[in-house]
Amino acid sequence: MAQPGSLRTEASCSLCLGLFQDPVSIHCGHNFCRGCIERCWASSRESFPCPRCRETAPERSLRPNRELAAIIRIAQRLSLRGAAGGRLCPAHGEALKLFCEEEQSPVCRVCRQGPEHRLHAAVPIEEAAQEHQEKLQAHAQILRDRREKMLGLKAAEEGKSLDLLERVDAERQRLRCRVRELHQLLEEQERLLLGRLAELERDIVRRQEENISSLSEQISSLGQQVQELEDKCQQPPWELLQDSRDILRRLEKQNDPEPVETPPELAEEPTELPQKNFRLKEMLKKFQVSLTLDPDTAHPRLALSEDGKRVRWEDTRRNIPDHPKRFDSSRCVLGREGFGSGRHFWEVRVAHGAAWAVGVAKESVPRKGRISVKPEVGIWAVGQCGSQCQALTSPAVPISLPEAPEVVGVYLDYEAGRVAFFDSQREVPMFAYPPASFGGERLLPLLCLGRGCQFTLSP
């Protein structure tokens, strides 16, 4: 008679490894659960291979196996009978109803009384199983919680990546729009310059033609007079003397030296050639803002005017409160107005002293102790030390100018991250910093004064 273990093996489906459920035979004679083989063939259309021997058939063929179904029912009854009796001890044939906590193994009552397990703690096997089940369920819950946390982190990371991608796309669109604006501006300047050059060319040609025509007429008139005099000289004496006195008087009067005057059409300067930066000031004026200085930020050696437009160095420290916003070591002062967006332009008239700097600073720039004027600490500026004008980068970059600037123009394009400086009096660029990120923080005008300096904001 077949043993229950081997019978169960023969009565099990090779796909689900469980007892056959509604067993069917296929074309090669192998048996499977109806549901298992249908799921296996769900994606097949032209051939239907056997999962065990791989023999194929051109069409589906499922034949109910009633004999095998009867055997399955017998196997199920045997399985239930074995389950009711529980597992038996291989040494004593007794049911394994106890669990040795020391050896972590099931034992029977005879084993429990033996020398190997007599001193070991043992509990009913159902109780031990319940305890282990609770521990496994607790670990399963920890894993489920960890999985949920990971899913939340994954969703947050996906949202963060999507937000960053949207910001990158918005920046790309803003950059393209800015480039288009610059192209349009350059094209407009090109049209204007070319138009003025064409007008100048036409003016030069017209005046040249007028001057040549006038000179040609004068040359022709002089030629006629020379010919008349030569003809007069060929006449007989009595004819030559006739009217000669009037002719000589007229010639002497005509040849009298007169102040040489350049004809108006020649003296007049041609239309002025367009200069490289002829629209620079006009363009920057569109973004000009009116600023005042914040007295709460001024170093004790700096004195501000009542209207907040002027600041000067003083040799003695003023007795003023130590405000949290005040610079206590660096001789600096900030503007009252700050900028977190847009384009802005202002000018600073510089009365030179030992050293000075003009620029912009982040609102969070340190106020206490000595600070370095450079972009790394949130300051973009130009300045002068001695006779050398320089951009205060790291390291400083010399700025080549024919003379020290008297009025420094500051241009800020917040969205583009650009800070540029101009010699406003001569309308020439001084220095432009590469694009930077201001991190959404407000920027404030910054003035740093050395001994003997005096600054004035304009307008």
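Residues numbered from 1 in each chain as written. Predicted model: local features only at pLDDT ≥ 70, side-chain atom pairs only at ≥ 80, totals over all residues. Heavy atoms only, no water.

Side note on the overall build of the protein chain
Alright, step 1. When helices and strands are counted, the protein chain shows 9 helices and 21 strands.
Alright, step 2. Looking at the protein chain as a whole, 30% of its 459 residues qualify as buried.
Alright, step 3. Considering only contacts in the protein chain between residues 6 or more positions apart, those separated by 24 or more positions represent 59%. (Helix = DSSP H or I, 4+ residues; strand = E, 2+ residues; numbered from the N terminus. Buried < 20%, exposed > 50% of the residue type's maximum accessible area, 1.4 Å probe, protein only. Contact = heavy atoms within 4.5 Å.)

Notes on unusual backbone geometry
Alright, step 1. Residue P395 is reached from S394 by a cis peptide bond, and omega for that bond is 0°.
Alright, step 2. Locating P395 in the fold gives a position in the loop between β15 (388-391) and β16 (397-398).
Alright, step 3. Not every positive phi belongs to a glycine, and E427 is a case in point at roughly 55°.
Alright, step 4. Assignment of secondary structure puts E427 in the loop between β18 (418-423) and β19 (428-432).
Alright, step 5. The class of E427 is partly exposed, set by a relative accessible area of 27%.

Points about the sheet that holds strand β5 (residues 63-64)
Alright, step 1. If you trace the 3 strands from one edge of the open sheet to the other, you get β2-β1-β5, paired in antiparallel fashion. Of all the strands in the sheet, the pair left with one neighbour each is β2 (31-33) and β5.
Alright, step 2. The pairing of strand β1 (residues 23-25) with β2 spans 3 bridges and is antiparallel. In the sheet register, P23 faces β2, and the bridge partner there is C33. (Pairing = 2+ DSSP bridges.)

Some thoughts on the confidence of the model for the protein chain
Alright, step 1. Considering every residue of the protein chain, the mean pLDDT works out to 84; 89% of them sit at 70 or more.
Alright, step 2. Scored below 50 in pLDDT, residues 1-5 makes 0 contacts in the model with residues more than four places away or belonging to other chains.
Alright, step 3. Confidence drops under pLDDT 50 across residues 257-278; counting only partners more than four residues distant or on other chains, this segment forms 24 contacts. (pLDDT = per-residue confidence, 0-100.)

Observations regarding the pattern of salt bridges
Alright, step 1. Summed over the entire model, instances satisfying the criterion amount to 16 salt bridges.
Alright, step 2. Its salt-bridge partner being R312, residue E314 comes within 3.0 Å of it at the nearest N-O pair.
Alright, step 3. Residue R312 is classed as partly exposed on the basis of its relative accessible area, which comes to 40%.
Alright, step 4. Between D315 and R451 there is a salt bridge; the shortest N-O distance is 3.4 Å. Highlighted residues: D315 in the loop between β10 (310-313) and β11 (332-334) and R451 in the loop between β20 (443-449) and β21 (454-458), separated in sequence by 136 residues. This pair shows no difference in class: D315 is exposed, exactly as R451 is. (Salt bridge = Lys/Arg side-chain N within 4 Å of Asp/Glu carboxyl O.)

A word on the packing of aromatic side chains
Alright, step 1. Scanning the model with the defined rule gives 8 aromatic pairs in all.
Alright, step 2. Between W356 and F455 the ring centres are 6.2 Å apart and the planes differ by 85°, which places this aromatic pair in the edge-to-face class. In this pair, W356 is assigned in strand β13 (residues 355-362) and F455 in strand β21, connecting sequence segments 99 residues apart.
Alright, step 3. Judged by its relative accessible area of 1%, F455 falls in the buried class.
Alright, step 4. Look at F421 and Y433: their rings are 6.3 Å apart centre to centre, the planes differ by 70°, and that puts the pair in the edge-to-face class. Of this pair, F421 sits in strand β18 while Y433 sits in the loop between β19 and β20, and the two are 12 residues apart along the sequence. (Phe/Tyr/Trp six-rings, centres within 6.5 Å; stacked < 30°, edge-to-face > 60°.)

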